[in-house]
Amino acid sequence: MIFFKNVNKWFGDLHVLNNINLEVEKGEVVVVCGPSGSGKSTLIRCINRLEPIQEGELIVDDMKVHDKKTNMTQIRAEIGFIFQSFNLYPHMTALGNVTIAPIKVRKFKKEETEKLGRQTLERVGLGGKAGAYPAQLSGGQQQRVAIARGLCMRPKIMLFDEPTSALDPEMINEVLDVMVDLAKEGMTMIVVTHEMGFAREVAKRVVFMDEGKIIEIAPPKEFFTKPKSDRAKLFLSKILTH
Amino acid sequence: MWSFYFSELIHSLPFFFKGLWMTVAVSGLSLIMGTIIGFTWGIMRAGSNKILRSLIGAWVDLIRGTPFLVQVFIVFFILPGIGIELEAFPAAVIALTNLAACFICEIVAGGILAVSSGQREAATASGLSAYQQLRYIILPQAMRTILPPLVGQYVLLVKDSSVVSAIGVVDVTRVGWLTVQRIPEGIMVFGLVGILYFAICYPLINLSNILERRMTVVATRL
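Calculation notes
- Residues numbered from 1 in each chain as written.
- Chains lettered and ligands numbered in written order.
- Predicted model: local features only at pLDDT ≥ 70, side-chain atom pairs only at ≥ 80, totals over all residues.
- Heavy atoms only, no water.
- Helix = DSSP H or I, 4+ residues; strand = E, 2+ residues; numbered from the N terminus.
- Buried < 20%, exposed > 50% of the residue type's maximum accessible area, 1.4 Å probe, protein only.
- Contact = heavy atoms within 4.5 Å.
- Areas by Shrake-Rupley, 256 points an atom, 1.4 Å probe, with all protein chains shown as cover.
- Core = buried A, V, L, I, M, F, W, Y, C linked by side-chain atoms within 4.5 Å.
- Buried area = accessible area lost by both parts, 1.4 Å probe.
- Salt bridge = Lys/Arg side-chain N within 4 Å of Asp/Glu carboxyl O.
- Polar contact = N/O pair within 3.5 Å; in protein donor to acceptor, adjacent residues only side chain to side chain.
- Pairing = 2+ DSSP bridges.

### As for the overall build of chain B
Then, number 1: Helix and strand content of chain B: 8 helices and 0 strands.
Then, number 2: With the C-alpha coordinates of chain B rotated into their principal frame, the extents come out at 75 × 50 × 25 Å.
Then, number 3: Looking at chain B as a whole, 43% of its 222 residues qualify as buried.
Then, number 4: Put simply, 77% of the contacts in chain B that link residues at least 6 apart link residues at least 24 apart.
Then, number 5: Accessible area for chain B stands at about 11,300 Å²; split by element, carbon and sulfur atoms hold 70% of it.

Listed below in structure tokens is the structure:
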């Protein structure tokens with residue numbers, strides 16, 4: 001579904017993605033973790049070309065994302081992207097937020113899309129909030145609307161960029177629950193997160209990154225109990241001490 | 001003497017209203033065209049094309065850095081030298097439209113850039129085209145920042161239009177000049193001119209204030 005082959009990217013002198021090779025299968029859930037600045041957000045932002053790559057091949061759903069000539073609209077429609085800071089449209093209701101792209105990009109009919117939108121909001125536990133504006137919702141609710149916004153496009157892939165990092169602790173689980181359900185339904189997901197409970201429960205593999213490189217790829221059980229690299233050991237000791 | 005001049009002035013009122021109509025026509029036309037051009041420039045100025053961005057930026061700086069009277073003179077007296085012959089009215093409208101467009105361009109670009117980059121990223125990620133992003137996501141949010149100073153700019157535009165009397169457009173200022181030669185009561189004549197300008201500008205000032213308040217309320221809700 002997603003292939004990184006010898007992918008390189010620089011921000012000026014900074015080598016943010018250093019020879020990345022990664023393959024994610026259909027229906028697979030992959031958790032990406034690593035210290036801040038390790039390139040994990042950049043890694044998933046390249047998949048829908050929010051950031052262009054400079055070298056290598058990146059193929060998503062059989063389309064060449066690395067090729068500048070590729071029309072990204074089609075690929076982006078297949079990929080839901082969830083941001084750390086939600087980025088809901090503040091001038092639209094929850095329903096408006098989830099239906100705008102399906103109507104304008106997918107050309108779904110308005111009435112059907114609104115029905116789909118309400119169903120999707122229902123699915124993330126926000127059936128009663130269709131008419132609410134983002135400012136009237138809590139952080140956890142906003143992030144669930146953002147997930148519903150991604151799902152309404154009927155995507156093949158969902159990408160999550162630290163979806164719970166901006167949330168108060170008591171709201172983290174309501175978002176993770178939605179993501180766990182999604183994973184169990186067979187969605188292809190790449191999740192940048194430090195929520196190790198989530199990784200243990202649904203991830204097939206954990207990708208550990210540091211300084212733009214993939215240091216280690218392992219099933220979560222293996223990664224958490226006996227990490228191979230020293231850097232992963234150090235990282236885990238830091239986040240798991242509490 | 002004063003009451004005689006006053007009744008003379010009352011008799012001249014139709015002349016003043018004609019001048020007022022000219023002021024409204026010049027500033028109204030410039031307002032409409034200046035808004036259209038100003039939004040176009042502003043959108044490009046906040047856009048991704050570097051050449052367009054700096055070209056527009058340079059032009060706006062040039063216009064903002066020179067007196068409007070000089071700009072009007074250039075359009076009316078100097079353009080004919082290179083073969084562009086213009087009547088006073090179109091010359092006035094062209095100069096004023098350009099001035100309005102430059103100021104509106106800066107207001108619009110500022111409003112667009114004030115929308116957080118996350119909004120554009122979210123819209124891009126969902127596959128919306130550049131036009132759709134602007135139309136449905138960016139501009140509706142930017143309008144909250146743009147509207148109050150935009151209406152404020154319209155007030156300045158109406159007042160700046162008085163400058164075009166210098167090239168012979170018979171607007172309400174020019175009517176004042178002509179009248180004061182017959183009725184040498186400057187305070188009375190230009191008092192009337194001032195009142196007529198104020199009559200147009202005051203509702204606009206109020207509108208701007210109302211918009212400012214309403215947009216602030218909306219912004220705090222966001």
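### Quick word on the nonpolar core
Note on soluble globular proteins: their nonpolar side chains tend to be buried together.
Then, number 1: Grouped together as the largest cluster of nonpolar side chains are 99 residues, with contacts concentrated most on Ile2, Phe4, Ile47, Leu58 and Val60 of chain A together with Phe16 of chain B.
Then, number 2: Of all the elements, helix H4 (residues 88-114) of chain B adds the most residues to this core, at 15 residues.
Then, number 3: Discounting residues that sit within four places of it in the chain, isoleucine 47 of chain A has contacts with Ile2, Phe4, Leu58, Val60, Val65, Ile79, Leu159 and Ile190 of chain A.
Then, number 4: Counting 50 residues, the second largest nonpolar core, distinct from the first, contains Leu116, Phe160, Met179 and Ala199 of chain A.

### Let's talk about the environment of isoleucine 78 of chain B
Then, number 1: Examined against the element boundaries, isoleucine 78 of chain B turns out to sit in helix H3 (residues 68-78).
Then, number 2: For the pair isoleucine 78 of chain B and alanine 109 of chain B, spaced 31 residues apart in the sequence, the C-alpha separation amounts to 31 Å.

### Thoughts on the interface of chain B and chain A
Then, number 1: Taken residue by residue, the interface counts 18 residues in chain B and 23 residues in chain A.
Then, number 2: Between chain B and chain A the total buried area reaches about 1,700 Å² when both faces are included, carbon and sulfur atoms providing 61% of it.
Then, number 3: In this structure, the connection of chain B to chain A is made through 1 salt bridge.
Then, number 4: With a shortest N-O distance of 2.6 Å, glutamate 121 of chain B and arginine 45 of chain A are connected by a salt bridge.
Then, number 5: Here chain B and chain A share 7 residue pairs in polar contact (both at pLDDT 80 or more) between them.
Then, number 6: It is helix H5 (residues 117-125) of chain B that contributes the most residues to the side of chain B that touches chain A, 7 residues altogether.

### Thoughts on the pairing of strand S3 (residues 29-33) of chain A
All names here are of chain A.
Then, number 1: Burial of S3 is extensive: 5 of the 5 residues sit out of reach of the surface.
Then, number 2: Here S3 shows a buried face lined by Val29, Val31 and Cys33 and a second buried face lined by Val30 and Val32.
Then, number 3: Across 4 bridges, the pairing between S3 and strand S8 (residues 188-192) is parallel. Paired with valine 30 across the strands is isoleucine 190, a residue of S8.
Then, number 4: Pairing of S3 with strand S9 (residues 205-210) involves 4 bridges; the strand directions are parallel.

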